[in-house]
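# Report on the structure
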Amino acid sequence: MKAPHRLEAYDKVTGKACYTADLAHGPVDGPLAHTAVVQSTQATGRIEAIDTAAALALEGVHCVMTHLDAPRLKPVHTLPGGELTRFQPLQDSRLHYNGQPVALVIADTAEQAQRAAACVTIRYAAPEQPPLLVLDEQKAERPQMVGVGEPGTTERGDPDTAFAMAEQTFEQVYETASHHHNALEPGAAIAAWDSHGRLTLYLGTQYSYGDAYGLAQAFDMGLQKDFMEVMKTGSPEEALRDKVRIIVPFVGGAFGGKKGNVHPLLAAMAAKRTGRPVKLALTRRQTFSMMPYRGATRQRVRLGGGKDGRLQVLMQDALIQNSTTSNFIEPVGEMTPKLYASKHLRTQHKTARLDVNAPSWMRAPGVAVSQFAIESAMDEWAYQQGIDPLEARLRNYADQEPQSGHEWSSKSLKDCYQAAAERIGWQSRDPRLGAQQEGRFKVGYGMATSIYHVAQMAACARMRIRADGTAVASSSTHEIGQGSATALSQLAAEALGLPLGSVTLEWGDTRLPYSSLTASSSTTLSLGAALHAAADALRLKLGTLASTDPASPLHMTNPAELKLQESGLVSQTGRQESFVSLLTRHQLDYLEAEAGTADQINPPEVGRAAFGAQFVKVLVDPQLGTLRVERLVGAFGCGRIVNPTLAHSQLLGGMVWGLGQALMEETRLDRHNGRWMNADLSEALIPTQADVPDLDIIMIEEDDRRGHPLGIKGLGEIAVVGVAAAVANAIFHATGQRIRTLPLTLDKRLIL
Ligand code: MOS
């Protein structure tokens, strides 16, 4: 089957596709009220007084909600990666970060609310101590757990002894900067309560069920289940449906930053307070402090081994910037144990809580920053031993998953290295430092390994086949721009044996079956598996109907052996009946089934990961220190590719993220008052078309059915990983200058 284009493409290019802030009505009848957030201008201390009189006197203003009169909230315990567990807005006078919401104006129009917000005056008590705003190892703690329950320390062998005994050793420190997701669509929510006390939201989120749970907990709506259990089993309690509903329109990018946010909670509080549907749309500037970002890291990497470049030991100590309000620690070392075949290894984490808003998951969490450090170090190690950087990777190639010793479900990294190296002309470069020149530019080539986990999360789906031969597949998943609605429609059609045009996918509503979080490059696999499970349950129902029906050509067949194929059921001997014929004869409008994948979540006894290789060519101007990335080639092995067009687009977007991380992305904190200084898109730089060179993407198709019967690994985030190191390595090759701090900006390169 030819891969379809993005199904919603026409709606998106014509502006018909709806995002939350586009909606001019609430989910419940009533005139929509608008809001504006007032944020603190100091990081710590206390609010002494808030004067709202001037704001309240303005036309159209209904109220100014502050900590003195906002609805009181109960604790929230949902997914790590938000701040609502440790901090809830407008509950008391304490300040935790600069930009903390301290009042919410509610008015008839957005303009009235904004004008009034500017008239709210706040008197602060000075903090007893200056805020902590600098990543300081002395103030750091060593966590037991990172991410969603990964161990804070992973070890194999005896790394300390191995390092002490190694013939050759290497040790360096690498730093990465804070940077923000900056999704094209800023955070927005519309909330309303109905007369039965039910809360409904339109919300741009990547985890509708997670947010619904958080809101139900905050407003004490009597839910019983432990959320981590809900997430693990994919089974929210029925009661949730009568309490909170979240409807998710198109989402304009999420990248890890759109879930567990403060703004939907504020919108729900305002709706409760005013008894009206309320819209809250953050400004771009507000997203910097009211939505998360990636915290800065400092990583010490130690390598030990022989002159042949073979590693005996690899150690990574990661210090991660965190917040007093966060329940999340970026799992920096998560993938390092699976990377190379060194016998001895330790990765460990430390985290320092600063007086800033909470960092969270961000595109290729952990591994995006980890691989800058590890792959820069591998490059340094290769040059130190006088070995070609690619050869150094091959000498440490892990034929088995090195931490568990398991066979890999599939791994085509060698093919990735080879394909990308050939495409960029690796072997024909001059390997000596600073030896190659094009015009006045120094030419450099660099490479790095890319790796990303394979994640499947428990999810549910419902499949309905109608008597007219069409089908509806449903799950509350999210279309965050990555193309999942298209890829999942394809998988639903495949599972049902129907043409794509006969299947409608319903998504984006917690009235639909539970969907996992749209993150971790896991959606195609997680939801694809749920759709297949639901199709399988439906197959048994249809099969039972047919096999017990004397009028069916499938009478007396074994329903378990029937297949869904060619718009009907087919037996092993080729007997068949169409859905239309079967349902019509039984006078059924439709038949449906629902199923989940909780039983698939225990990992198989195989090593699983997606791998790739990034190769880059740079031109450095030795007079000016300016850098031009001329070519970037990425080759990736990510299991089965469901839709090559969309997969290519995901990998392309990922590599552009990688270039952003390499060259420009950095959000800077004012070290006195804790405010993000470059909190807008004119100063928080991200790559534009003009910054992006010729990108070459190679997809190595893999058979990963040992990993999962669908053979899908997932892809997207992997393409970010390794770009920054490859660029830094290429700068070294061009100039002999080693830059160990991201981003690789001009000020760090002018030392030629
Ligand atoms: Mo992404 S950081 O897995 O939402």
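What counts and how
Residues numbered from 1 in each chain as written. Predicted model: local features only at pLDDT ≥ 70, side-chain atom pairs only at ≥ 80, totals over all residues. Heavy atoms only, no water. Core = buried A, V, L, I, M, F, W, Y, C linked by side-chain atoms within 4.5 Å. Buried < 20%, exposed > 50% of the residue type's maximum accessible area, 1.4 Å probe, protein only. Helix = DSSP H or I, 4+ residues; strand = E, 2+ residues; numbered from the N terminus. Contact = heavy atoms within 4.5 Å. Expected span 1.5 Å × (residues − 1). Pairing = 2+ DSSP bridges. Axes fitted to C-alpha atoms, helices over the stretch in contact; angles between N-to-C directions. Domains from an automatic or database assignment. Buried area = accessible area lost by both parts, 1.4 Å probe. Salt bridge = Lys/Arg side-chain N within 4 Å of Asp/Glu carboxyl O. Nonpolar A, V, L, I, M, F, W, Y, C, P; charged D, E, K, R; others polar. Parallel < 35°, antiparallel > 145°, perpendicular 65-115°, else oblique. Left-handed = near helix turned anticlockwise from the far one by under 90°.

Attention now moves to the nonpolar core. Core analysis: the largest hydrophobic core is formed by 85 residues, its most contacted members being Leu 303, Phe 615, Val 618 and Val 727. Ranked by residue count, the leading element in this core is helix α16 (residues 723-735), at nine residues. In contact with Val 727, not counting residues within four places along its chain, are Val 616, Val 618, Leu 627, Val 629, Ala 662, Leu 663 and Leu 744. Met 231, Val 244, Val 262 and Met 290 belong to the second largest nonpolar core, which has 60 residues in total.

End to end, α16 covers 18 Å across 13 residues, agreeing with the expected 18 Å (1.5 Å per residue, within 8%). Buried within α16 are the following residues: Val 723, Ala 724, Ala 725, Ala 726, Val 727, Ala 728, Asn 729, Ala 730, Ile 731, Phe 732, His 733 and Ala 734. Remark: Gly 736 follows α16 within two positions and exhibits a positive phi of approximately 80°.

It is worth spelling out unusual backbone geometry at this point. A cis amide bond, omega -5°, links Leu 742 with the succeeding residue Pro 743. Tracing the backbone shows Pro 743 in the loop between α16 and α17 (746-749). The backbone phi angle of Phe 255 is positive, close to 60°, even though this residue is not glycine. As for its placement among the helices and strands, Phe 255 is situated in the loop between β14 (244-247) and α7 (262-274). Residue classification places Phe 255 among the partly exposed residues on the basis of a relative accessible area of 25%. Even without glycine at this site, Gln 587 takes up a positive phi of about 50°. Inspection of the secondary structure puts Gln 587 in the loop between α14 (579-585) and β28 (590-596).

A few words now on the pairing of strand β18 (residues 311-323). Counting buried residues along β18, 12 of its 13 residues qualify, which places the element largely inside the surrounding structure. As defined by bridge partners, strand β17 (residues 297-305) adjoins β18 across nine bridges and the pair is classed as antiparallel. Residue pairing in the sheet places Leu 303 in a bridge with Leu 314 of β18. Hairpin geometry of β17 and β18 is characterised by an intervening segment of five residues between the two adjacent antiparallel strands and by a positive phi of about 85° at Gly 309. Pairing of β18 with strand β19 (residues 344-354), which is carried by 11 bridges, proceeds in the parallel orientation. Opposite Met 315, over in β19, you have Arg 346 as the bridge partner.

Ordered in space as β20-β21-β29-β30-β31, the five strands form an open sheet in which the pairing is mixed. Taken across any chain shown, the strands that pair with only one partner, and hence form the sheet edges, are β20 (437-438) and β31 (694-700). Its contacts with the sheet put helix α11 (residues 413-424) on β21 (441-452), β29 (610-620), β30 (627-637) and β31, and the angle it makes with β29 is roughly 20°.

If you trace the three strands from one edge of the open sheet to the other, you get β25-β26-β27, paired in antiparallel fashion. What marks the edges here is a single partner per strand, and that holds for β25 (563-565) and β27 (576-578). Going from strand to strand, the sheet's axes swing by 30° on average, the running direction of each strand aside. Summarising the sheet, strand β26 (residues 568-570) and β27 pair through three bridges and their orientation is antiparallel. Directly across from Val 570, in β27, lies its bridge partner Gln 576.

Quick look at the domain arrangement of the protein now. Each assigned domain of the protein is listed here: domain 1 (8-128 + 182-291), domain 2 (145-179 + 294-455 + 605-748) and domain 3 (460-600). Here the C-alpha centre of domain 3 lies 37 Å away from the C-alpha centre of domain 1. Between domain 1 and domain 3, the buried area comes to about 1900 Å², and carbon and sulfur atoms account for 53% of it. By the criterion of area lost to domain 3, the three top residues of domain 1 are Gln 206, Tyr 209 and Arg 245, representing 29% of everything that side buries. At the boundary of domain 1 and domain 3, one finds one salt bridge. The salt bridge involving Asp 509 is made with Arg 245; its shortest N-O contact spans 2.6 Å. Only α5 (208-218), α6 (227-233) and β14 provide two or more residues apiece to the side of domain 1 that touches domain 3. For the side of domain 1 that touches domain 3, the residue count by class is 15 nonpolar, seven polar and five charged.

Next up on the list: the side chain of Ser 502. Of note, Ser 502 is situated in the loop between α12 (484-496) and β24 (503-506). Relative accessible area serves as the criterion here: at 18%, Ser 502 is assigned to the buried category. Setting aside residues up to four positions removed in sequence, Ser 502 forms contacts with Gly 469, Thr 470 and Ala 471.

The next point concerns the packing of helix α15 (residues 644-663) against α16. In the contact formed by α15 and α16, the axes pass within 8 Å of each other and the chain directions differ by 50°. In terms of orientation, α15 and α16 fall into the oblique class. Between α15 and α16 lies a crossing of right-handed hand. Along its contact with α15, which presents Met 655, Gly 658, Leu 659, Gln 661, Ala 662 and Leu 663, the element α16 presents Val 723, Ala 724 and Val 727.

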